[in-house]
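Architecture at a glance
Below are the chains, spelled out letter by letter.
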Amino acid sequence: MHYDRLFLPIKIRNLELKNRIIMPAIHLMYNMDGYANARFNEFYWRRAEGGAGLIFTGGCRFDEYGGSPGVMSLETDDFIPGYREFTDGMHKRGAKVGVQLYHAGAYAHSIANDGREALAPSAILSKFTKEMPREMTREEMRVIISKWAAAAKRAQSAGFDIVEIIASAGYLISQFLSPKTNQRTDEYGGSWENRTRFPLEVIAAVREAVGDDFPISVRIAGNDLVPGSNTNTEAVMFAKLLEKAGVDMINVTGGWHESVVPQLTGELPRGGFTYLTSAVKDAVNIPVAASNRINDPLTAEMTLALGKSDLISLGRPLIADPDWPKKAQNGESEIIRHCVACNQGCLAKTFFAEPVECLVNGFAGHEYMLKMYRAKEPKAILVLGAGVAGCEFAVQATLCGHNVTVWEKSDHIGGQLYLAAASHAKREFLTLASYYTSAFKKLGIELLLNKNAGLYEIKTAGFDVIVTATGNTPKSITLPGKSSIPVYSYSDILSGKAVAGRDVVIVGGAAVGCETADYLAYEAAMSPEELYFILSQRSEEPEKVLEMVDKTRRNIAIVDIAKIGTGFEQGTAWPLLKELNRFGVKQYSYAKILELTERTVEIEAVEPKTREQKAKERESGIVEPEKLLHLSLPCDTIVIAAGSVPNNELYNALKSDIHEIYNIGDSFEVGKISDAVSQAIELARKL
Ligand SMILES: Cc1cc2nc3c(=O)[nH]c(=O)nc-3n(C[C@H](O)[C@H](O)[C@H](O)COP(=O)(O)OP(=O)(O)OC[C@H]3O[C@@H](n4cnc5c(N)ncnc54)[C@H](O)[C@@H]3O)c2cc1C
Ligand SMILES: Cc1cc2nc3c(=O)[nH]c(=O)nc-3n(C[C@H](O)[C@H](O)[C@H](O)COP(=O)(O)O)c2cc1C
């Protein structure tokens, strides 16, 4: 497949880009003191080598009220030399480089700003930080504008090719634009004209600072996705004003951080916000970039082909695979390691002010340490098990120069990726299995499927090294009472080996139990195709369709002795839990299963408090005692999701007879994909 449009050059004012691929700003938490450093440089230099035309760094702070910890800074001239060396390195590697100048306004946490209260257009409690900002004075606005302009000038001196002003995601400029957060009564609030005054003054000051030849980009929300705030209509109006104000490029993203609409996870389909970009693109004549979940070359090319945008932003996709552009250009898109939209390695880290990494790319953020490695002596290695651990090891060891053979018991590679990808918002996880299939072919890794070798065969096959990566075994538990209700494991259900009935009780409410509930609810709901049919044929009233979309035929309950919803990475569970609530999945935390009957599961559980009750308690400070209930849950299918144990039998049986043997992934210790990937990389470089 050729992606010709993706590799056409384009001009942004006087800046020539070699292709249409840009990396948008992603604040990486690599710059704790704001200065450029080896980790930051090497991360981006690697992405420049991968072929992206323009890479935006940042958000970059320029004001003590402005930001989050760990972001780059251009607050003073001291920062210029370090970033000069950085931009030189980017240019040497063939990429243009920009910096996003960022002011969080009410979204700044006081803890990140030495305890200072945030500054905002109006003193309205921030739904993001849960803190009350202070209304900015006119003088404070003037100072921020002048600092914005001074930082743009510094960016120019540091060798950046373009500056970007952030007017999206709910940060300061978005707050000025929105009637929800801007309730000023002076000429900066009220009418649309007044609400756009501060943003346009920022643009004018930055233009004045950088001069006429230097390109300016603005990142805008395509729709704030916050009730009562701006929509795509205002985004288009704002884009027109930006064009008139001399802005050279507009990058359209999704909504605000406080929005309850998922914008980064797999709920959002590939290219799911390009409809927002199209409206902007149709209204202006300057280049427009589309953003969010454009993680494969076909979606990118199609976006350009349909005239929805002129440029494509690849944020996490370039974290996952810096060589995405080169591979797409060279006809090797099947070996792109796709972003799976999990946020577990990147966004989740930022909640703890930890450096950004990537679930599927163990090198991301470690480029400064993990250099190319070639083994001194190539070895013949046999890998047993082709899940993530076995496959990643095979790829990495081959790249280090070893000869690797993989024996897999089942008829496919990927192992538990098929279970992880079962939940409707996690289908992207399967792209990792496709990547390994293609990478094996490309690297000439010998793979034998349906190979369940015995000990003798393994020991006598003539390999120097054996690596076991045989995964885990779901835990089974004995439930009290006598019943003929069928009991399945999460694996039976998610792999499609068993079909659940209508009344399902899931025992275990950690991440896997919750995902199993989502899978079962979704399976019994209207399919996207059915809904599209009904809507496009107008065969039902819209209100009725809205009711139907939230209904599932299954009656699902999750029961756990502990709290339901644990085991997720920080900040990643809410879209799934929102789905469970939408589908009416009942959740009983701290519950005890008393007995199984022929048609029910009898439990003792704490009565879940309603949202209203919880709000009332928070307001009054009086917490009502929890009520213990005896409940009879209708049930025709039980699913056990009570964890798993390492499947290390093979390793234990072999270890005393094999000179060099290693055990990795879940068969070593039940963990995550990132554990499997990092153990595989570490081992490959050690042999
Ligand atoms: C529902 C679900 C959701 C998940 N979601 C996430 C998530 O969001 N993020 C995350 O990081 N992790 C997630 N995980 C965990 C993650 O999938 C695993 O940690 C990871 O896939 C483990 O990889 P592995 O290669 O060690 O094991 P596996 O994927 O289990 O692979 C083991 C392979 O070995 C093969 N095998 C077994 N015995 C033999 C033998 N004797 N000879 C040859 N082959 C053999 C098996 O057939 C299998 O292919 C999830 C898991 C589940 C079940
Ligand atoms: C860890 C992380 C940090 C981010 N920081 C910024 C930022 O500082 N400024 C910004 O405009 N967008 C930021 N974003 C949003 C990305 O630029 C991008 O819009 C988003 O990841 C969706 O695009 P993608 O699907 O291509 O990754 C961030 C995203 C992530 C995951």
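Residues numbered from 1 in each chain as written. Chains lettered and ligands numbered in written order. Predicted model: local features only at pLDDT ≥ 70, side-chain atom pairs only at ≥ 80, totals over all residues. Heavy atoms only, no water.

1. As for the site of ligand 1
For clarity, the threshold we go by: Throughout this document, a residue counts as near a molecule or strand when at least one of its heavy atoms sits within 4 Å of that molecule or strand. Think of a polar contact as two N or O atoms within 3.5 Å of one another; within protein, one of them needs to be a possible hydrogen donor and the other a possible acceptor, and neighboring residues in sequence only count if both atoms come from side chains. Here the open area of atoms and residues is found with the Shrake-Rupley method and a 1.4 Å probe, where only the protein chains shown may cover a residue. A helix here means a DSSP run of H or I that spans at least four residues, while a strand means a run of E at least two residues long, and both kinds are numbered starting from the N terminus. Nonpolar residues are Ala, Val, Leu, Ile, Met, Phe, Trp, Tyr, Cys and Pro. Charged residues are Asp, Glu, Lys and Arg, and all others, Gly as well, are polar. Residue ranges for the domains trace back to a domain assignment, done automatically or taken from a database.
Near ligand 1 there are 33 residues, and of these Gln344, Glu408, Lys426, Asp666 and Ile673 occur at the shortest range. At 2.9 Å, a backbone N or O of Ala389 approaches an oxygen atom of ligand 1. In the environment of ligand 1, a nitrogen atom lies 3.1 Å from a nitrogen or oxygen atom belonging to the backbone of Lys409. When ligand 1 sits alone it has 1000 Å² of accessible area, and the protein chains cover 91% of it. Of all the secondary-structure elements, those providing two or more residues to the shell around ligand 1 are helix 13 (388-399), helix 14 (417-420), helix 17 (490-494) and helix 18 (511-523). Classifying every residue of the shell around ligand 1 gives 14 nonpolar, 12 polar and 7 charged. Two domains each donate at least three residues to the shell around ligand 1, and these are domain 2 (380-472 + 646-686) and domain 3 (487-640).

2. Details of helix 1 (residues 38-49)
Formally: One less than the number of residues in a helix, times 1.5 Å, gives the span that helix is expected to have. Here's how the labels work: a residue is buried when its accessible area is under 20% of the maximum for its type, exposed when over 50%, partly exposed in between, all with a 1.4 Å probe on protein chains only. We call two residues contacting when some pair of their heavy atoms lies within 4.5 Å.
Along its 12 residues, helix 1 runs 16 Å from first to last C-alpha, staying within 8% of the 16 Å computed at 1.5 Å per residue. For helix 1, the set of buried residues is Arg39, Phe40, Asn41, Phe43, Tyr44, Trp45, Arg47 and Ala48. Buried residues in helix 1 make contact with strand 3 (21-23), strand 4 (54-61), strand 5 (72-73), helix 2 (80-92) and helix 10 (316-320). Between a side-chain oxygen at the N-terminus of helix 1 and the backbone nitrogen of Arg39 the separation is 3.2 Å; the capping residue is Asn37. Trailing helix 1 by a residue or two, Gly51 shows a phi angle of about 110 degrees, which is positive.

3. Considering the packing of helix 19 (residues 528-536) against helix 20 (residues 542-549)
Convention followed: Axis geometry follows a simple rule: fit a line to the C-alpha atoms, using only the stretch in contact for helices, then measure angles between N-to-C directions, giving values from 0 to 180 degrees. Here the word oblique covers every angle except those under 35 degrees (roughly parallel), over 145 (roughly antiparallel) and from 65 to 115 (roughly perpendicular).
Remark: helix 19 packs on helix 20, axes separated minimally by 11 Å, with the N-to-C direction vectors making an angle of 175 degrees. Relative to helix 20, the element helix 19 lies roughly antiparallel. Across the interface between the two elements, Leu531, Ile534 and Leu535 of helix 19 pack against Val545, Met548 and Val549 of helix 20. Tallied by class, residues from the contact of helix 19 with helix 20 come to 6 nonpolar, no polar and no charged.

4. Some thoughts on the nonpolar core
Operational definition: Nonpolar cores are built from buried Ala, Val, Leu, Ile, Met, Phe, Trp, Tyr and Cys residues. Side-chain atoms within 4.5 Å join them into one set.
Judged by nonpolar contacts, the single largest core of 129 residues is most densely connected at Tyr83, Leu101, Trp148, Phe198, Ile220 and Phe393. Each of domain 1 (20-108 + 146-169 + 200-330) and domain 2 (380-472 + 646-686) gives at least three residues to this core. Counting 24 residues, the second-largest nonpolar core is a separate cluster that includes Tyr519, Ala521, Ala525 and Leu576.

5. What to know about the site of ligand 2
Not every one of the 22 residues close to ligand 2 is listed here, only the nearest: Ala25, Gln100, Arg293, Gly315 and Arg316. Measuring from an oxygen atom of ligand 2, one finds a backbone N or O atom of Gly59 at 3.1 Å. At 2.8 Å from an oxygen atom of ligand 2 is found a side-chain nitrogen or oxygen belonging to Arg316. Considered on its own, ligand 2 offers 610 Å² of accessible surface; in the complex 92% of this is hidden by protein. Put simply, the parts of the chain that give the shell around ligand 2 at least two residues each are strand 4, helix 10 and helix 12 (347-350). For the shell around ligand 2, the per-class residue count stands at 9 nonpolar, 10 polar and 3 charged.

6. A look at a positive patch on the surface
Put simply, the test is: The patch calculation keeps residues exceeding 30% relative accessible area without a salt bridge and links them within 9 Å when they carry like charges or within 5 Å when they are nonpolar (Val, Leu, Ile, Met, Phe, Trp, Tyr). Take a side-chain nitrogen of Lys or Arg and a carboxyl oxygen of Asp or Glu: if they are within 4 Å of each other, that pair is a salt bridge. Charge counting follows a simple rule: Lys and Arg are positive, Asp and Glu are negative, and His as well as the terminal groups are ignored. Every charge is mapped onto a representative atom, which is NZ of Lys, CZ of Arg, CG of Asp or CD of Glu.
Judged by side-chain charge, Lys563, Arg611, Lys614 and Arg618 come together as a positively charged surface patch. Checked against the element boundaries, Lys563 lands in the loop between strand 21 (555-559) and helix 21 (574-582). Using a relative accessible area of 49% as the deciding quantity, one classes Lys563 as partly exposed.

7. Structural notes on unusual backbone geometry
Excluding glycine, residues mostly carry a negative phi; peptide bonds, for their part, are mostly trans. Omega for the peptide link from Gly58 to Gly59 comes to -5 degrees, which places this bond in the cis form. With a phi close to 50 degrees, Arg538 is a non-glycine residue in the positive phi region. Mapped onto the fold, Arg538 is located in the loop between helix 19 and helix 20. Among the residues examined, Arg538 registers a relative accessible area of 67% and is labelled exposed. Backbone geometry at Tyr590 places phi at a positive 50 degrees, although glycine is not the residue there. Tyr590 gets classed as partly exposed once you look at its relative accessible area, which sits at 48%.

8. So, the pairing of strand 10 (residues 216-221)
When a strand is regular, its side chains alternate between the sheet's two faces. Our working definition: At least two DSSP bridges between two strands are needed for those strands to be called paired. Whether a crossover is right-handed depends on one test, that the path from the first strand over the helix to the second runs clockwise when the strands point away from the viewer.
Burial runs high along strand 10: 6 of the 6 residues are buried. Side chains of strand 10 alternate between two faces, with Ile216, Val218 and Ile220 and Ser217, Arg219 and Ala221 buried alike. Where strand 10 and strand 11 (residues 249-253) come together, 5 bridges link them in parallel fashion. By the bridge assignment for strand 11, Arg219 is matched with Asn251. Note that the unit made of strand 10, helix 7 (residues 232-244) and strand 11 has a crossover that is right-handed.

9. Description of the environment of Ala104
Mapping Ala104 onto the fold places it in the loop between strand 6 (96-101) and strand 7 (119-120). Through-space distance from the C-alpha of Ala104 to that of Ala433 is 39 Å; in sequence the pair is 329 residues apart.

10. Describing the environment of Glu117
Along the polypeptide, Glu117 turns up in the loop between strand 6 and strand 7. With a relative accessible area of 40%, Glu117 lands in the partly exposed category. A sequence separation of 164 residues divides Glu117 from Lys281, and the C-alpha atoms of the two residues are 38 Å apart. Not counting residues up to four positions away in its chain, the partners in contact with Glu117 are Tyr65, Met132 and Arg134. Reaching out from Glu117, the side chain makes a polar contact with the side chain of Arg134 at a distance of 3.0 Å.

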